[in-house]
Amino acid sequence: MNTDEFRKNGYAFVDWVADYLEEIEKYPVKARVKPGDIKRQVPGSPPEKGESMEDIFRDFKEIILPGMTHWQHPGWFAYFPANNSPESILAELLTAGMGAQCMVWATSPAATELEEVVTGWLKQLLQLPENWVGVIQDTASTATLCALLTAREWVSDFGVNEKGMEGKFVIYVSQEAHSSAEKGGKIAGFGRENIRYIETDEKYAMKPEELERAIIEDEEKGLRPTAVVATLGSTSSGAFDPLDEVGRICKKHGVWFHVDAAYAGPAAMLEEKSHLFRGLENVDSFVFNPHKWLLTNFDCSVYYVKNPELLTRTMSIDPEYLKTAHDLEVKNFRDWGIPLGRRFRALKLWFVLRSYGVEGLRDFLREHIRLGEFFKNLVEEDPDFELMAPAELGLVCFRYNAGEIKGEDLDNFNRQLMEGINSRGEVFLTHTVLGEKFVLRMAIGQRTTREEHVRKAWKIIKEEAKNLKDK
Ligand SMILES: *Cc1c(COP(=O)(O)O)cnc(C)c1O
């Protein structure tokens, strides 16, 4: 493709993206395809001769688009949001255009330095402890794995990196922790048998006394308690583990304290939610995802550590071919995470933070929290429905329960209700299980979601419940 063709296609694609975002409600939120539907339409081998962009783009629209689930749809209430924004999309275009690989300072100084700047901005904005240092990772899963690896090296005096694991290290998460903690624990060599799932209270938050009991029990067995992963805003129900008490226990027992705030992190910039984040000063590492609820295209996860030296000692490698003249004066982020190669993710964050401004971001979050409150009230005021967990932010857990159906039948009813709701194509929500009960999750946080979409969702939920009851 020559430059003229690139320009022509580029303008057309920007138009297409603008139209897509503007008209997104005409698509069913969730893809309506069956397994294999897409593969069947694409040849099994690459073309021998190059094809025209016209043909490729046509196939994108005809084959690929119907197989996409539309995460930017205002009826998106599934999982958690993964916001983009026009600003972030444009920054991604520039990033792709430059195509830089930003593994060390010298391979693009601006990428490293801007990453230091935006992680510093976000630290101020979220009122995180001043002595923390941030780095951008691809995902929270990777950041949590980094935390577990650092914890492992920290407690073993950097011995596991040298000699391998001796199988006595234990990590602690709540029963409601995200699966990435377990996955990280397995990858980091702890072994699933050495992951303790601490019981939660009626709000689905970790019980600190159970945590301490488990730690002491392991110490008495001669095992080495290594790390606690606490969650702020759990995936199932948005629960907040008590940082104050967990932090105190970690300190007392010499255990690494990692906090996973993948979804809820941005709420730390709101004064009225700051109580949920109390106790961060005792935390060793912290992750949150601007790619979830902060308008920044996937992927972009910010990881903060109190002591970067422990992280870089865990991760650093020093082959001759990667040495540069400024290694002692600059940060080489290759040593701050798992992959060597790094995308320039700071640029889109910078675009978002600058164009929204602090006020714009706060307004954005507050509107979703208001809509969460609005939806929660609808649920609570309806005798046929019940709230299933505290709703601090935009995530509301609820289910149908008018009293006439019980036990497993009630779970089945709610499962069918969810399928009925989602089959309409106007909204998409997903489920979880809380206290062995099947629960619907209404996760409000899409950039374009307004009150009318929440009202519409509630109307659909009510209609589908009635249909199912009358069946
Ligand atoms: C979404 C989520 C994760 C996983 O995030 P990735 O960036 O996809 O790895 C981890 N923890 C919590 C609490 C989450 O909500």
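These numbers come from a predicted model, not from an experiment.

Enquirer: Lay out the overall build of the chain with the relevant residues and their values.
Expert: Within the chain, the secondary structure is distributed over 14 helices and 12 strands. Taking 2.2 N^0.38 as the reference for a compact globule, 471 residues should give roughly 23 Å; the C-alpha atoms of the chain span a radius of gyration of 24 Å, in line with that estimate. Projected onto its principal axes, the C-alpha positions of the chain cover 65 × 65 × 45 Å. Within the chain, the proportion of its 471 residues that are buried is 52%. Taking all contacts inside the chain whose residues are at least 6 apart in sequence as the whole, residues at least 24 apart take part in 74%. Counting only carbon and sulfur atoms, one obtains 51% of the accessible surface of the chain, whose full area is about 22300 Å². With 59 positive and 75 negative side-chain charges, the chain shows a spacing of 2 Å between the two charge centroids.

Enquirer: Break down the side chain of Asn-332 for me, with residues and values.
Expert: Within the secondary structure layout, Asn-332 lies in the loop between helix H11 (308–315) and helix H12 (346–381). Asn-332 sits in the buried class, given a relative accessible area of 7%. Only 2.9 Å separates the side chain of Asn-332 from the side chain of Asp-327, close enough to count as a polar contact. What Asn-332 contacts, discounting residues up to four positions off in sequence, is Met-103, Val-104, Trp-105 and Asp-327.

Enquirer: I'd love a proper account of the pairing of strand E6 (residues 256–260), names of residues and values included.
Expert: The element E6 is largely enclosed, with a buried count of five among its five residues. In E6, alternate side chains face the same way, and those of Trp-256, His-258 and Asp-260 on one face and Phe-257 and Val-259 on the other are all buried. In this structure, strand E5 (residues 224–231) lies alongside E6, joined through five bridges in parallel fashion. Directly across from Val-229, in E6, lies its bridge partner His-258. After leaving E5, the chain enters helix H9 (residues 243–253) and then returns to the sheet as E6, a path that is right-handed. Summarising the sheet, E6 and strand E7 (residues 285–288) pair through three bridges and their orientation is parallel. Paired with Val-259 across the strands is Phe-286, a residue of E7.

Scoring rules and cut-offs
Residues numbered from 1 in each chain as written. Predicted model: local features only at pLDDT ≥ 70, side-chain atom pairs only at ≥ 80, totals over all residues. Heavy atoms only, no water. Helix = DSSP H or I, 4+ residues; strand = E, 2+ residues; numbered from the N terminus. Rg over C-alpha atoms; globule rule 2.2 N^0.38 Å. Buried < 20%, exposed > 50% of the residue type's maximum accessible area, 1.4 Å probe, protein only. Contact = heavy atoms within 4.5 Å. Areas by Shrake-Rupley, 256 points an atom, 1.4 Å probe, with all protein chains shown as cover. Lys, Arg positive; Asp, Glu negative; His and termini not counted. Charge placed at Lys NZ, Arg CZ, Asp CG, Glu CD. Polar contact = N/O pair within 3.5 Å; in protein donor to acceptor, adjacent residues only side chain to side chain. Pairing = 2+ DSSP bridges. Right-handed = clockwise from strand over helix to strand, strands pointing away.

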